[in-house]
Structures are given as structure tokens and as C-alpha cells.
Protein chains: 2
Amino acid sequence: MASTNNGVQSIERAIAILRCFTEAKPEWRVTELADRLHLHKSSISRILATLEQEGLVKQNEETGKFHLGVGLVAMAGVALGHLDARRVSQPHLNSLVEICQETVNVTILDGNECVNIERVASPKPIRYVGWLGRRTPTYCTAAGQVLLAYRSPEERQALLPNPLVVYTDKTVVDAAALNHLFTQVRQQGYAIVHEAFEEGFSAIAAPVHDHTGQVIAAITISGPTFRLGPGQIEQFVPPLLATVARISADMGYREA
Amino acid sequence: MASTNNGVQSIERAIAILRCFTEAKPEWRVTELADRLHLHKSSISRILATLEQEGLVKQNEETGKFHLGVGLVAMAGVALGHLDARRVSQPHLNSLVEICQETVNVTILDGNECVNIERVASPKPIRYVGWLGRRTPTYCTAAGQVLLAYRSPEERQALLPNPLVVYTDKTVVDAAALNHLFTQVRQQGYAIVHEAFEEGFSAIAAPVHDHTGQVIAAITISGPTFRLGPGQIEQFVPPLLATVARISADMGYREA
DNA sequence: GAACATTGTTTCATAATACGCAACAGATTG
DNA sequence: CAATCTGTTGCGTATTATGAAACAATGTTC
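Residues numbered from 1 in each chain as written. Chains lettered and ligands numbered in written order. Predicted model: local features only at pLDDT ≥ 70, side-chain atom pairs only at ≥ 80, totals over all residues. Heavy atoms only, no water.

S.K.: Would you mind going over helix H3 (residues 41–53) of chain B in detail, with residue names and values included?
M.R.: Given a rise of 1.5 Å per residue, 13 residues ought to cover 18 Å, and the 18 Å separating the end C-alpha atoms of H3 of chain B matches this to within 8%. For H3 of chain B, the set of buried residues is Ser43, Ile44, Ile47, Leu48, Thr50 and Leu51 of chain B. Seen along its axis, H3 of chain B keeps its buried residues to an arc of 155°; they face one direction. Looking at the packing, one finds that the buried side of H3 of chain B touches helix H1 (9–20) of chain A together with helix H1 (9–20), helix H2 (30–37), strand E1 (57–59) and strand E2 (66–68) of chain B. (Helix = DSSP H or I, 4+ residues; strand = E, 2+ residues; numbered from the N terminus. Expected span 1.5 Å × (residues − 1). Buried < 20%, exposed > 50% of the residue type's maximum accessible area, 1.4 Å probe, protein only. Arc of directions from axis to C-beta. Contact = heavy atoms within 4.5 Å.)

S.K.: Report on the side chain of Ser122 of chain B, specifying residues and quantitative values.
M.R.: Here Ser122 of chain B lies in the loop between strand E4 (113–120) and strand E5 (135–136). Note on Ser122 of chain B: relative accessible area 7%, which makes it buried. A distance of 2.9 Å separates the side chain of Ser122 of chain B from the backbone nitrogen of Lys124 of chain B, its partner in a polar contact. Setting aside residues no more than four positions away along its own chain, Ser122 of chain B makes contact with Asn94 of chain A together with Gln101, Glu102, Thr103 and Arg227 of chain B. (Polar contact = N/O pair within 3.5 Å; in protein donor to acceptor, adjacent residues only side chain to side chain.)

S.K.: Report on the pattern of salt bridges, specifying residues and quantitative values.
M.R.: All names here are of chain A. Evaluated as defined, the whole model comprises 26 salt bridges over all chains. Across the salt bridge formed by Glu195 and Lys170, the nearest N and O atoms sit 3.0 Å from each other. Linking Glu195 in the loop between strand E6 (191–194) and strand E7 (201–209) with Lys170 in the loop between helix H7 (153–159) and helix H8 (175–188), this pair joins segments that are 25 residues apart in sequence. Judged by relative accessible area, Lys170 falls into the partly exposed class, the value being 41%. Connected through shared salt-bridge partners, Glu23, Arg134 and Glu198 make up one network. (Salt bridge = Lys/Arg side-chain N within 4 Å of Asp/Glu carboxyl O.)

S.K.: How would you summarise the sheet that holds E4 of chain B if you had to cite specific residues and measurements?
M.R.: All names here are of chain B. Judged by pairing direction, the sheet is antiparallel, and its six strands sit side by side in the order E5-E4-E3-E8-E7-E6 without closing on themselves. The open sheet has two edge strands with one neighbour each: E5 and strand E6 (191–194). The pairing of strand E7 (residues 201–209) with strand E8 (residues 215–224) spans nine bridges and is classified as antiparallel. Its bridge partner being in E8, Ala203 is matched across the sheet by Ser222. (Pairing = 2+ DSSP bridges.)

S.K.: Summarise the state of the cysteines; cite the residues concerned and give the values.
M.R.: Enumeration according to the criterion identifies zero disulfides over all chains in this entry. Here Cys140 of chain A stays free of any disulfide, with the sulfur of Cys114 of chain A as its closest cysteine sulfur at 8.6 Å. (Disulfide = S-S within 2.5 Å.)

S.K.: So, the relation of the copies chain B and chain A: which residues are in play, and what are the values?
M.R.: When chain B is brought onto chain A, the operation consists of a screw motion whose angular component is 180° and whose axial shift is 0.0 Å, with 0.0 Å RMSD remaining. The relationship between the two copies is best expressed as a two-fold rotation axis. Of every C-alpha in chain B, the one belonging to Ile11 of chain B sits nearest the axis of rotation, 2.6 Å from it. (Least-squares fit on C-alpha atoms with pLDDT ≥ 70 in both.)

S.K.: Outline the protein's contact with DNA strand C, supporting the account with residue identities and numerical values.
M.R.: In the vicinity of DNA strand C, 18 residues are found, and the nearest of them are Ser42 and Ser43 of chain A together with Gln9, Ser10 and Ser45 of chain B. Near-protein atoms of DNA strand C (within 4 Å) split between backbone and bases, with sugar and phosphate holding 63%. Measuring from a phosphate oxygen of DNA strand C, one finds a backbone N or O atom of Ser10 of chain B at 2.8 Å. Gln59 of chain B has a polar side-chain atom sitting 3.4 Å from a phosphate oxygen of DNA strand C. Looking at the surface near DNA strand C, the elements with two or more residues in it are H1 and helix H3 (41–53) of chain A together with H1, H2 and H3 of chain B. (Near = heavy atom within 4 Å.)

S.K.: If you had to explain the packing of helix H4 (residues 71–81) of chain A against helix H4 (residues 71–81) of chain B to someone new, which residues and values would you point to?
M.R.: Running from amino to carboxyl end, H4 of chain A crosses H4 of chain B at an angle of 135°, the nearest separation of the two axes being 8 Å. With respect to their mutual orientation, H4 of chain A and H4 of chain B come out oblique. Here H4 of chain A and H4 of chain B pass one another in a crossing that is left-handed. Within the contact between the two elements, H4 of chain A uses Leu72, Val73, Met75, Ala76, Ala79 and Leu80 of chain A and H4 of chain B uses Leu72, Val73, Met75, Ala76, Ala79 and Leu80 of chain B. Residues that form the contact of H4 of chain A with H4 of chain B fall into these classes: 12 nonpolar, no polar and no charged. (Axes fitted to C-alpha atoms, helices over the stretch in contact; angles between N-to-C directions. Parallel < 35°, antiparallel > 145°, perpendicular 65-115°, else oblique. Left-handed = near helix turned anticlockwise from the far one by under 90°. Nonpolar A, V, L, I, M, F, W, Y, C, P; charged D, E, K, R; others polar.)

S.K.: I'd love a proper account of the protein's contact with DNA strand D, names of residues and values included.
M.R.: The local shell around DNA strand D holds 17 residues, among which Gln9, Ser10 and Ser45 of chain A together with Ser43 and Arg46 of chain B are the closest. A share of 66% of the atoms of DNA strand D within 4 Å of the protein falls on sugar and phosphate groups. Taking Gln9 of chain A, its main chain carries an N or O atom lying 2.8 Å from a phosphate oxygen of DNA strand D. Side-chain polar atom of Arg46 of chain B to a base oxygen of DNA strand D: 3.3 Å apart, as the coordinates give it. Secondary structure elements with two or more residues in the surface near DNA strand D: H1, helix H2 (30–37) and H3 of chain A together with H1 and H3 of chain B. Residues of the surface near DNA strand D, tallied by class, amount to two nonpolar, 11 polar and four charged.

S.K.: Account for the nonpolar core, with residues named and values stated.
M.R.: Grouped together as the largest cluster of nonpolar side chains are 121 residues, with contacts concentrated most on Leu51 and Ile219 of chain A together with Leu51 and Ile219 of chain B. Beyond its immediate sequence surroundings of up to four residues, Leu51 of chain A is in contact with Ala14, Ile17, Leu18, Leu56 and Val57 of chain A together with Ile11 and Ile15 of chain B. (Core = buried A, V, L, I, M, F, W, Y, C linked by side-chain atoms within 4.5 Å.)

S.K.: Which residues make up helix H5 (residues 84–100) of chain B, and what are the values?
M.R.: The periodicity of an α-helix, 3.6 residues per turn, causes residues three or four positions apart to be oriented the same way. Given a rise of 1.5 Å per residue, 17 residues ought to cover 24 Å, and the 24 Å separating the end C-alpha atoms of H5 of chain B matches this to within 8%. At Gln90 of chain B, H5 of chain B shows its largest kink, close to 50°, and the proline Pro91 of chain B lies no more than four residues downstream. For H5 of chain B, the elements touching its buried residues are strand E4 (113–120) of chain A together with H4, strand E3 (103–110), E4, E8 and helix H10 (237–250) of chain B. Directly after H5 of chain B, the chain includes Gln101 of chain B, whose backbone phi takes a positive value near 60°. (Bend = angle between axes of the 7 residues up to and from the residue.)

S.K.: Tell me about the pairing of E6 of chain B, and name the residues and values.
M.R.: Residues and elements named next belong to chain B. Here E6 pairs with E7 via four bridges, running antiparallel. If you follow Val193 over to E7, its bridge partner there is Ala203. Counted between consecutive antiparallel strands, the loop separating E6 from E7 contains six residues, among which Glu195 sits at a positive phi close to 60°.

S.K.: Give a detailed account of the domain arrangement of chain A, specifying residues and quantitative values.
M.R.: Each domain of chain A was delimited in the assignment, giving domain 1 (9–72) and domain 2 (83–250). Here domain 1 of chain A and domain 2 of chain A have C-alpha centroids that lie 32 Å from each other. (Domains from an automatic or database assignment.)

Written out as C-alpha cells, the structure reads:
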């Protein structure tokens, strides 16, 4: 675990531990983390003890496994409160959910990934995938395509992972095809993606602009493909575009 | 900054820094944090640089001030996903909001404070106070009173801060009066609080029980006192009690 | 505009802290 | 029951994080 930066190593190690906890693997043993991070288990144990004392992780006494703790939620709440895109979008989201009866998200770029910073859930029963805080790739999600489409080609290239991962048989990884998609997004003002990241899920997203004209967030309507497949999801274009226009105006955007 | 525990000191310092960022003061300067935490500013600067490199804080380049970063949101999303009370409650919350047209929260105890772990927003315009991740005291909030009421007197005593802070002229801090309130909560099965924590805000809360019978969360309907004052908020008792009964049943609770 | 104050960052020497090792106690497995 | 696995703890010491000082940039005051 060589640190190529001049950060405080033990803090970096703590954060690396926290980062191991994911949706896919929310619980870890000391020894698993030690293997994964190539650190001695006594170091892991000590770091976890510190994190637990501060409420950032919690140990299941029966199993000995650790999971992330509620202390993180309180901090994240403050972080979320600082996001203009979230604050300005919120008053508009309920009416969009009323209209479309599907889940709506606000998504921003963090590094080269998308992060969901708000979610208003569909009233309909469905397995939920757009949870708050979830990180997703850019090129194969509707929100991500919107967030990339309005960037310069150089910026876009820098933001795309290399190699591009194929998630489903609908994932587009061909550079020319992707560029065509981005052009289409800019022309239409929205992106539609069917099952390119997760099978059985579809989404439509449109951009929120701030007062400088930059695209700072995407508003997404998403749900199961059996409800939002081709020919069905298009009905949401008008209310989605109207919503992002209102949010963008509230952000101080003036269309040229 | 003497650590009375045997944690990793530099990690503790990083967390202490993160904890300074609150709703009341979401931005800090290096020198402010140094003063607040009695650490040298060069230590603060270095720790913040490490946290920034990992996305947990972000510096405003124009002002030089730091605020919490989106990296925390992603971690908190995983933490939230691990909370049974949140997961089990979610399918029930939209219909409760439909009925009451006010904001609904799921709240749990963390240490001796309440933390909101879910929120479905009211469709009505109002200044929002029950944000996700927000920490609030127990004794003067509806959720907190519910979460305390079903504890043993010893546990309750240990969970109450000393001294009890007075937030408004409606805050009850007299021990006998508080105990009377807790008894009332247990008899009624819900708590109603008008302006005891924040002027102009009222809330009603009821308990969610798990399969062992323990109260593990409170479901709260809250809003402005002008809409939910005495004589008005009582209309929400039946739907609230029905909702917590359903959630508790889903948690495996069987009423004695 | 000059002088001063404030800010956040960087360098450096060194002391303190975090480290890995080893031991331990308890739980699990075959 | 023995072997293995687990997470924790004590220990010596080398590595790391520290505080002081210097610095450059910005802001404030007269």
C-alpha cells in the first residue's frame, strides 16, 4: 500500500478501509480487509477500533464482521446540504414523480463517476437501484451520458475509464458509437438508456445548467424496462425537459 | 486534544475535523479549525489535504474555505443500505405522505442523539428541517421521546444529556414532567411535540418494533405548527399508527 | 500605495506515534 | 480433540506525523 501522494498515511489507510464497504460487499472481517489492502491485521484491527469508537463503522458482535456506521450518515447530511444542485432541485421533484410515477434522481459527477445526491422514490413497488450515494459509471448510464455530453472532447476523454467495462450486451464501448450518442444527447436535450448498465432497467435523463451555462447535474427518471421500454419512456420527455428547464432557471441559467 | 482512548490519533484528528462541519457552520478555514481543535495549522492543512485528495472535503478555491465533499455521500449510501429499519420502512412511507401531505422521517438512536435515516418530503412548500443525516436531541423531539419512552429508566437516564438544554420556551427539562411525558407516550403509542425544539415546528412520532419487541426506530410526521398545531395534528394518529404497525409486522414484530 | 495582518502551504528536524511481530483467548472446522 | 481461524493486545522501534519556521499570496488598514 505505497502512497504516491504526500498525504497522512494512517488517514489514507482509514479511508481505504471505509472504501472497501460497498453495496456488493457491505460487511468485512479484519483478515479480509488485511488481505485486500495488504496491511497487517493488527493495523486493520486498530484502525477499525478507532473508526468504531467514532461511529463510522460498527462491528456485529455475533459474527465479528464490520459494516459502515450511522456516523457517516450524519456527516453526509451536511455534505448534501451544501450541494446547490440538490437544494434547488428538491422543490421540483415531487411533481415530476407525480407525473411519471417512477423514481427520480439528481446525479452529479464526482471524479469520473456519477453519484446520486437525491432520490424521490416511485410509489410503485420495484427493486430499488438508484439509491442515494450510489456511484455508477458515466458512459453507460443516462445521467452519465448527459453529464459527459456537454463537456469538451478532451474533458470527455479524460473522464472515460480505460478500458471501458462491458456490463450487459447493450453496453456501448465503441468510441465512434459513443460520440454519436453524445451528439444525439446534445441535439435532443436528453439521453435514453435501456439496459446498458443493468439488465431490466431503463432511464431517461436531462441536464441542469447553472448560471454560467455549465451542466452541473442530471435529472433522471428510471425504472424497470418492462414499464419504461422503447416506445414507453418517450412519454416522459416533455415533463422531464420542463422540470430541468425550471430547475436550471432557478439556478440562474439563461438560455442563449 | 488529548485522546483518552487508545485510538489512532491522526485518524481521530481527521474525524474531529470532519465533525466540525455542521449545518450551522458548513465551511471552515484552516486557521479556524486549528483554533477550534487546538492543533497547529500545519497539521490541519495536511490532514485536510489528505481528506481532499480522497474526496471527503473540498476547498473553495476562491475563498480558501473547506466544506465536506461528495465522497462522504457515497459511503453514507452504503451505510444507509445496511439499516434494516430504513429498508423495511421505505415501501410504506409514500402512502403515509399521500395521506398526510407532510414530510415523513425514519429516525433512529445513535449514541444519545437521534439521526434521520430516511425522509420523504412533503409536496407542500416549506422550509425543510428533517433532512437526511440530521442529528437532533432526544428529549425535546417527537421521535426522540418515542425512542426513549420504551427504554428502562436506567437506560433513559444514561441517554439524557446533563444538563438538558432549553431550546424554546416550550422545552420541557423537568425530570418529573419528562417522565410523565414518557409514560404518556407508552400509553398512547405516540408522541406529539409542538415547538419544544424549534419554534414554529410540530411533529408526531410512533415506534417501530423489531422481532424481539425492541423499539428500533420512530416514524415521524412533521411540519409547520400553523398546519400541524394542537387540534390538527391528531388527525394523523390513525394513519401513523397503522403505518408503524405494518412496518413493525414486516420487521417480524408480534404484538403480545 | 506601503505597511501590516492573515491565510494556507511547504520544508525540516525530531519526537511521538503507528507499525508489524508475537502472543493470546475464543470460536470454528474436520 | 487438534488444527485452524479470528480479532485483540502488548511491546520495542523504526517510521511517520508533528510543530515550528519560512514562504508566497491575498486581504486590510491608514
